Every structure is written in C-alpha cells, then in structure tokens.
Amino acid sequence: MAALTLLEASKQLPAGRAKEVIKLYATSYQPLEVLPFVPADPGGVLSWVTETSVGSSAGRAIGSDYTASNGTFAPHKAVAAVRGGKVQVDRAIRITNPGIVPTMKENKIRGFAKDWVKYMFEGTGGSDIRGLSQWILGETGYTGQTVAVNGAVTMSVMDQAFDKLNVIPGQTFFYMSQYAFRVLNTLSRTNGTGQQNIVWGEDKFGSRTPYYSGVPIVVLKDGLGNDVLSITENGTAHSGGSTSSIWGVTYGENMVTGFESAPMLVVDFKDDTNYENYTIEHIAGIAPKQPRSIVRLTGIAQS
C-alpha cells in the first residue's frame, strides 16, 4: 500500500464527521500535512535496517577467486503509541451558547495535533512516541546527526547541517522556534558579505515563506503564537543558559515517515454523562528510516 498523508487519506473518506475532523487535524500543523504514513508491521511496530559500512570489491588474479567484502547493517525498530483523546463539550454550553461549540471542538482537535508534532520531535518513548531527538541521542548510526552550535548560528554550522542531510526538493524542511528563527535571521543581515542567506518566497498556497539555501523554513507556533518546540533546552556549553534547536527533516516513505496500525479513527462516544463527545484515536509512530533524513543543530542562542 502506498504511503499517504493524513490529508490524502481524509479525501478518500465519505462525507461526514470523520472526514472533516481528520482534515482539520492534518492541516493544523505543517509536519502533519506533509508526513506520509505507511502501514505498521504486526504488533504495532515498524522495522528496517540501515547500512553502517559499504561493501567493497577488487580485481582477481587469473585462476583465483574474488574475495568477498560485504557491508554491515544495523537493525532498527519503532513502536507505535496510542494518541488522541475525547473531543467533548458540556451539553449545557450547547444549550446556553451554541455558537461557541464548533470553535471549542476545533480548539481541542488542534491541541491534539500540536501534541503530536511536539512529541514527533521531543517525545521520549515508553508509552508515547519516540521522537526524533531520541533517535539522535542513542541509536546506532544516528548519533552523528547533530551539529553543536552553542551560540549564534554561522554559515559554517549551516553548511555542516546540509552536509549531514539528504536534501530533496519539496520533501526537506527546516523546523525551529521563533527564538531560533530570530537568531538565524540575524545571520542574513550580519554575515559580513551582504549576501542574503534567507530569502522570502511563496509556498504552494501562496503564503510568504522564508527559505534558507532553497529549503523552506517552518517556525512551529500554535494559534496563540506560542512555540511548539522547546526554547529552554538548557544547553550547558553556552554561557547564556537556555538554548533552542533547528531541525532539518526530509520526508518520504524511505526517509522520515509515520506509520500506523490502522487509519485514524473518529468514534462517537455515547454515555449518560453531562457531555456530548466523540473520540479521536490514532495508533501510530514516527520512523526516520535513514540517518541522513534528520539533522539537529543544538545550543542555538543569541551571542
């Protein structure tokens, strides 16, 4: 089965609540809009291998055999988590202030989407999503996918990030907090050459979007303007204290992909409580299937 984003999957559903809820969830934050999902393996996991060394070959003498030199590989496994929650509004609100009910429901759905995106990057695993940060911190073959900045962003560290990332047009994005973007934006004005590293263009919807060397920048904020990604990472190598990160992510079925045990569910929840509600449930996870599909620049702070 081909990988589909949640938005693509929603288009295949019949008209109704599930279609509209999943569409709203998928379009609430850019990573969920572009992240493909593949079916999970049995048991709610996704398994794959990555190369840790490349095989080689050489010529042979007449009458002699070739000497085999095989590459080496590392196995990996990601485990799905059960994410979602109840979208519920007190029936008294429906009676006394019915106009606010749709907004309250949308707010809850967007909140669930925000949580997914935050855990996609920063989740610690266990009963929840194992985020990309954990893959870089402790997985064989992935631990080199970091660039220590420990201060202001320079052209050199951005070049190092590009060296570590498979950049595919339309599939690669830089993600960051508003704070990290301000630090990066400073580089475009103070690099000493007058060259503009950050340029502004239009995305596929016609919205103005910043790009760094052709890669779109996405500043992850919620509807109130609050950062989704952490801005208090407490980088010890920078005297200024708290720091932030910039993430480079390349999506694809064989790059960073989501996986799911079943399509997202929207189920009416009927009981005799004081609420009318329904439940959203998604048994899913995130899998960086190539080390070079992710890179993290850490310790970003104003000088």
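You'll find the structure just up there.
Residues numbered from 1 in each chain as written. Predicted model: local features only at pLDDT ≥ 70, side-chain atom pairs only at ≥ 80, totals over all residues. Heavy atoms only, no water.

Peer 1: Please clarify how the sheet that holds strand 9 (residues 208-212) should be interpreted in this entry.
Peer 2: Whether parallel or antiparallel, the strands of a sheet pair through hydrogen bonds between backbone atoms. In space, the seven strands of this open sheet follow the order 6-15-11-7-10-9-8, with mixed pairing throughout. On the outer flanks of this sheet lie strand 6 (146-151) and strand 8 (198-202), each paired with one strand and no other. Looking at each pair of strands side by side, their axes are set apart by 30° on average, direction ignored. Bridge analysis of strand 6 against strand 15 (residues 294-300) gives four bridges, and the strand direction is parallel. Note on strand 15: the bridge partner recorded for Val147 is Leu297. (Pairing = 2+ DSSP bridges. Helix = DSSP H or I, 4+ residues; strand = E, 2+ residues; numbered from the N terminus. Axes fitted to C-alpha atoms, helices over the stretch in contact; angles between N-to-C directions.)

Peer 1: Hey, could you run me through the pattern of salt bridges in this one?
Peer 2: Where charged atoms from two side chains of opposite charge approach closely, those side chains can pair. In total, this model carries four salt bridges according to the counting rule given. For Glu122, the salt bridge goes to Lys118, with nearest N and O atoms at 2.8 Å. Here Lys118 and Glu122 lie together in helix 5 (residues 101-122), a separation of four residues that amounts to about one turn. Residue classification places Lys118 among the partly exposed residues on the basis of a relative accessible area of 29%. (Salt bridge = Lys/Arg side-chain N within 4 Å of Asp/Glu carboxyl O. Buried < 20%, exposed > 50% of the residue type's maximum accessible area, 1.4 Å probe, protein only.)

Peer 1: Is there a simple way to think about the environment of Leu187 in this case?
Peer 2: Residue position: Leu187 is located in helix 8 (residues 178-190). Classification of Leu187 by relative accessible area gives buried; the value is 7%. Counting along the chain gives eleven residues from Leu187 to Ile198, while the straight-line C-alpha distance between them is 8.4 Å. When sequence neighbours within four positions are dropped, the list of residues in contact with Leu187 reads Val153, Thr154, Met155, Met158, Asn197 and Tyr212. (Contact = heavy atoms within 4.5 Å.)

Peer 1: I'm lost on the nonpolar core in this one. Help?
Peer 2: Note on soluble globular proteins: their nonpolar side chains tend to be buried together. Core analysis: the biggest nonpolar cluster contains 50 residues, and Tyr25, Trp116, Phe121 and Tyr175 have the highest contact counts within it. Broken down by element, the residue count for this core peaks at seven residues, all from helix 5. In contact with Tyr175, not counting residues within four places along its chain, are Gln30, Pro31, Val34, Phe121, Val218, Leu220, Leu229, Ser245, Ile246, Trp247, Val249 and Tyr251. Among the nonpolar cores identified, the runner-up in size contains 24 residues, and Met158, Met176, Tyr179 and Leu187 belong to it. (Core = buried A, V, L, I, M, F, W, Y, C linked by side-chain atoms within 4.5 Å.)

Peer 1: Even after reading the chapter, I still don't get unusual backbone geometry, so can you show me in this structure?
Peer 2: A negative phi angle is the norm for most residues apart from glycine, just as the trans form is the norm for most peptide bonds. One non-glycine residue with positive phi stands out, namely Asn150, at about 55°. Owing to a relative accessible area of 34%, Asn150 belongs among the partly exposed residues under this scheme. If you check the backbone angles, Ser213 has positive phi at about 50° while not being a glycine. The residue Ser213 is located in the loop between strand 9 and strand 10 (215-219) in this model.

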